[in-house]
Amino acid sequence: MSKLWGGRFTKKTDQLVEEYTASITFDKELAYEDIQGSLAHVTMLGKCGILPADDVEKIKDGLLKVRQRIQRGEHEFLVADEDIHMSVEKALIDEIGPVGGKLHTGRSRNDQVATDMHLYLRKRVVEFVGMLQKLQAALVGQAKANLDTIVPGYTHLQRAQPILFAHHLMAYVSMFGRDIERLQDSYKRIDALPLGAGALAGTTFAIDRHFTAQQLNFGRVYENSLDAVSDRDFIVEFLSGAALIMTHLSRLSEELILWSSTEFQFVELDDAFCTGSSIMPQKKNPDVPELVRGKTGRVYGNLVGLLTVLKSLPLAYNKDMQEDKEGMFDTVKTLQGALQLFAPMIETMKVRKEKMRKAVDQDFSNATDIADFLVGKGLPFRQAHEVIGKTVLYCIQQNKFLLDLTLDEFKQFSPLFDDRIYAVLQPEAVVNARNVYGGTATPQVAAAIERAEAELARTSEWISEYEAKSGLL
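Bear in mind that the values here come from a model prediction, so they are computed numbers and not experimental data. (Residues numbered from 1 in each chain as written. Predicted model: local features only at pLDDT ≥ 70, side-chain atom pairs only at ≥ 80, totals over all residues. Heavy atoms only, no water.)

**With respect to the overall build of the protein chain**
Here is step 1 of the chain: For the protein chain, the count of helices and strands is 19 helices and 6 strands.
Here is step 2 of the chain: The C-alpha atoms of the protein chain give a radius of gyration of 30 Å, which is well past the 23 Å a tight globule of 473 residues would have.
Here is step 3 of the chain: Overall size of the protein chain, expressed as C-alpha extent along the three principal axes, is 100 × 50 × 40 Å.
Here is step 4 of the chain: For the protein chain, the residues scored as buried account for 49% of the 473 residues in total.
Here is step 5 of the chain: At a minimum sequence separation of 6, the contacts of the protein chain that also span at least 24 residues come to 77%.
Here is step 6 of the chain: About 22500 Å² of surface is accessible on the protein chain, with carbon and sulfur atoms providing 52% of the total.
Here is step 7 of the chain: When the 55 basic and 65 acidic side-chain charges of the protein chain are each reduced to a single mean position, those positions are 1 Å apart. (Helix = DSSP H or I, 4+ residues; strand = E, 2+ residues; numbered from the N terminus. Rg over C-alpha atoms; globule rule 2.2 N^0.38 Å. Buried < 20%, exposed > 50% of the residue type's maximum accessible area, 1.4 Å probe, protein only. Contact = heavy atoms within 4.5 Å. Areas by Shrake-Rupley, 256 points an atom, 1.4 Å probe, with all protein chains shown as cover. Lys, Arg positive; Asp, Glu negative; His and termini not counted. Charge placed at Lys NZ, Arg CZ, Asp CG, Glu CD.)

What follows is the structure in structure tokens.
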């Protein structure tokens, strides 16, 4: 079949140009969204009396048959078809004859492709909220199982103060909670219908854009036709949110890699999420978190790539905007792969409590509490800080830890020390002394877990509502 737009041209498109400009090799990912939008569009054309009812029913029946052929893998996506819109329309005309050519009445590929991507991302955002919620649930589960597990807390990757391992895990629950909030908020911008904006100026046909929006469950319609076809903010916003999600996954990956090393031995990842070495039989490599850490860079690249494409584009549509899809699809696939693996990896992770406790007992992370003890005795904090610094230096020189010192050894640094210092220095006492909202004390972490579980339930309600709205059910 000749090009659907070929009436203006006297020459056949150069083969290299055809291959270079075609997007069908990747935008075929939008096939179902393209048909979904077309079904709503033709329904609207019938409702407005722009197409007769018989034509509308033929087109709708034909579109459903094309969708079935795609589902069965019987539809061939050809470079000669240029893009998914032409591919579907040609298949429709093959199916029902020239009446299929009426489908494009009152619309352009410009507003059509924008609609497809809104439909596509709307579904993906809901899916990712669900995946993040499962990861949060896995972290909460491990936190509940480790409310009595004490681990060194770090700054500068140096042991700083003892904390509950549950408290450390709940920090990631908070991070992923912000990621969920960002996705939920971005849904508002995705949930807008561009269809009916035409190529850039609207259409001469008396269409009803709000009716089409209702058919597709869009919350609103783009106010300006130029903006409707040229806006890719919603994709940038998604890519930005995805980049932050990958940042958080990468940070957690780095900790899992460290914690599972021989030097730490704090956790052991299940064999199902590790691989071995082709030459060293003793190796158990944390390949999943390593790959997540590595793949984070490609998601960053996709974000920067689209921002670069958009930064100098005049209104309205330009062919440059074809570059908005491959990075988006790649980010979706990368994020899906990471999140699908992370929740079960966390669920099956073995926590080595005894190794964590040994690390806490053999460091100086309880030193700050000595300073607080002396401050409670009336010594200014800066002086107390100096006293403890000298005490720690003495311990290092004597190959001792703070709890190894006798009371006489303590008193050589300050007469304010008494027997109560030994209770103060116990890891459990150090942890539970920080009994402030958001702190590491057991009651505070337990309360944080309760709040997180309540938030998980609210997220479930959001998912249930928006799955139906986005056509995922």
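We are not done yet, so read on.
**Observations concerning the nonpolar core**
Here is step 1 of the chain: By size, the foremost hydrophobic cluster in this structure holds 105 residues, and its most contacted members are Leu139, Phe165, Leu249, Leu256 and Phe342.
Here is step 2 of the chain: Of the residues forming this core, the biggest block, 15 residues, is contributed by helix 6 (residues 109–145).
Here is step 3 of the chain: Beyond its immediate sequence surroundings of up to four residues, leucine 139 is in contact with Leu169, Tyr172, Val173, Phe176, Leu252 and Ile346.
Here is step 4 of the chain: In terms of nonpolar packing, the next biggest core, distinct from the first, is built from 18 residues, Ala371, Leu374, Ile388 and Leu405 among them. (Core = buried A, V, L, I, M, F, W, Y, C linked by side-chain atoms within 4.5 Å.)

**Looking at the packing of aromatic side chains**
Here is step 1 of the chain: Scanning the model with the defined rule gives 14 aromatic pairs in all.
Here is step 2 of the chain: Ring plane angle 75 degrees and centroid distance 5.9 Å describe the contact between phenylalanine 410 and tyrosine 422, whose orientation is recorded as edge-to-face. Linking phenylalanine 410 in helix 16 (residues 407–411) with tyrosine 422 in helix 17 (residues 420–424), this pair joins segments that are 12 residues apart in sequence.
Here is step 3 of the chain: Residue classification places phenylalanine 410 among the buried positions, given a relative accessible area of 0%.
Here is step 4 of the chain: On the basis of relative accessibility, which here comes to 24%, the residue tyrosine 422 falls in the partly exposed class.
Here is step 5 of the chain: Taken together, the ring pairs connect Phe373, Phe410, Phe417 and Tyr422 into an aromatic cluster.
Here is step 6 of the chain: The lysine or arginine in question, arginine 122, covers the ring of phenylalanine 218, its NZ or CZ lying 4.3 Å from the ring centre.
Here is step 7 of the chain: One cation-aromatic arrangement involves arginine 124 over tyrosine 120; the distance from NZ or CZ to the ring centre is 4.7 Å. (Phe/Tyr/Trp six-rings, centres within 6.5 Å; stacked < 30°, edge-to-face > 60°. Lys NZ or Arg CZ within 6 Å of the ring centre and 35° of its normal.)

**Quick word on the environment of glutamine 158**
Here is step 1 of the chain: Relative to the helices and strands, glutamine 158 resides in strand 2 (residues 158–164).
Here is step 2 of the chain: Among the residues examined, glutamine 158 registers a relative accessible area of 53% and is labelled exposed.

**With respect to the packing of helix 3 (residues 31–47) against helix 6**
Here is step 1 of the chain: Look at helix 3 against helix 6: their axes get within 9 Å of each other, and the N-to-C directions meet at 115 degrees. Both helix 3 and helix 6 take part in a crossing whose hand is right-handed. Facing Glu33, Asp34, Gln36, Gly37 and Ser38 of helix 3, the residues of helix 6 in contact are Gln112, Asp116, Leu119, Tyr120, Lys123 and Arg124.
Here is step 2 of the chain: For the contact of helix 3 with helix 6, the class distribution of residues is 2 nonpolar, 4 polar and 5 charged. (Axes fitted to C-alpha atoms, helices over the stretch in contact; angles between N-to-C directions. Left-handed = near helix turned anticlockwise from the far one by under 90°. Nonpolar A, V, L, I, M, F, W, Y, C, P; charged D, E, K, R; others polar.)

**What to know about the environment of phenylalanine 165**
Here is step 1 of the chain: Here phenylalanine 165 lies in helix 7 (residues 165–190).
Here is step 2 of the chain: For phenylalanine 165 and valine 151, which are 14 residues apart along the polypeptide, the C-alpha to C-alpha distance reads 5.6 Å.
Here is step 3 of the chain: Contacts of phenylalanine 165, omitting those with residues within four sequence positions, involve Asn146, Thr149, Val151, Trp259, Val267, Met349, Val351 and Met356.

**With respect to the pairing of strand 2**
Taken residue by residue, a regular strand's side chains alternate between the two faces of the sheet.
Here is step 1 of the chain: The sheet contact formed by strand 1 (residues 150–155) and strand 2 spans 6 bridges and is antiparallel. Each bridged residue has a counterpart across the sheet, and for proline 152 the counterpart in strand 2 is proline 162. (Pairing = 2+ DSSP bridges.)

**Considering the packing of helix 7 against helix 10 (residues 233–259)**
Here is step 1 of the chain: It is at 9 Å that the axes of helix 7 and helix 10 come closest, and there the two elements cross at 170 degrees. The angle between helix 7 and helix 10 falls in the class roughly antiparallel. Crossing handedness for the pair helix 7 and helix 10: left-handed.
Here is step 2 of the chain: Considering only residue class, the contact of helix 7 with helix 10 consists of 13 nonpolar, 3 polar and 8 charged. (Parallel < 35°, antiparallel > 145°, perpendicular 65-115°, else oblique.)

**Concerning the UniProt feature "domain: Argininosuccinate lyase C-terminal" (unreviewed entry) in the protein chain**
Here is step 1 of the chain: Residues annotated by UniProt as "domain: Argininosuccinate lyase C-terminal" (unreviewed entry) correspond here to residues 364–432.
Here is step 2 of the chain: Annotation note: span residues 364–432, helix share 64%, strand share 0%, distance between end C-alpha atoms 17 Å. (UniProt positions renumbered as here; feature names shortened; annotations may be inferred.)

**Digging into the layout of surface pockets**
Here is step 1 of the chain: Put simply, the largest pocket is a space of about 600 Å³.
Here is step 2 of the chain: Within the residue set of the lining of the largest pocket, elements represented by two or more residues are strand 1, strand 2, helix 7 and helix 19 (442–469).
Here is step 3 of the chain: Taken together, the residues of the lining of the largest pocket sort by class into 13 nonpolar, 13 polar and 5 charged. (1 Å grid on protein atoms, 1.4 Å probe; cavity = no way out; pocket = protein on both sides within 12 Å on 5 of 7 lines; lining within 4 Å. Points joined across faces, edges and corners; volume = space filled by probe spheres on them.)

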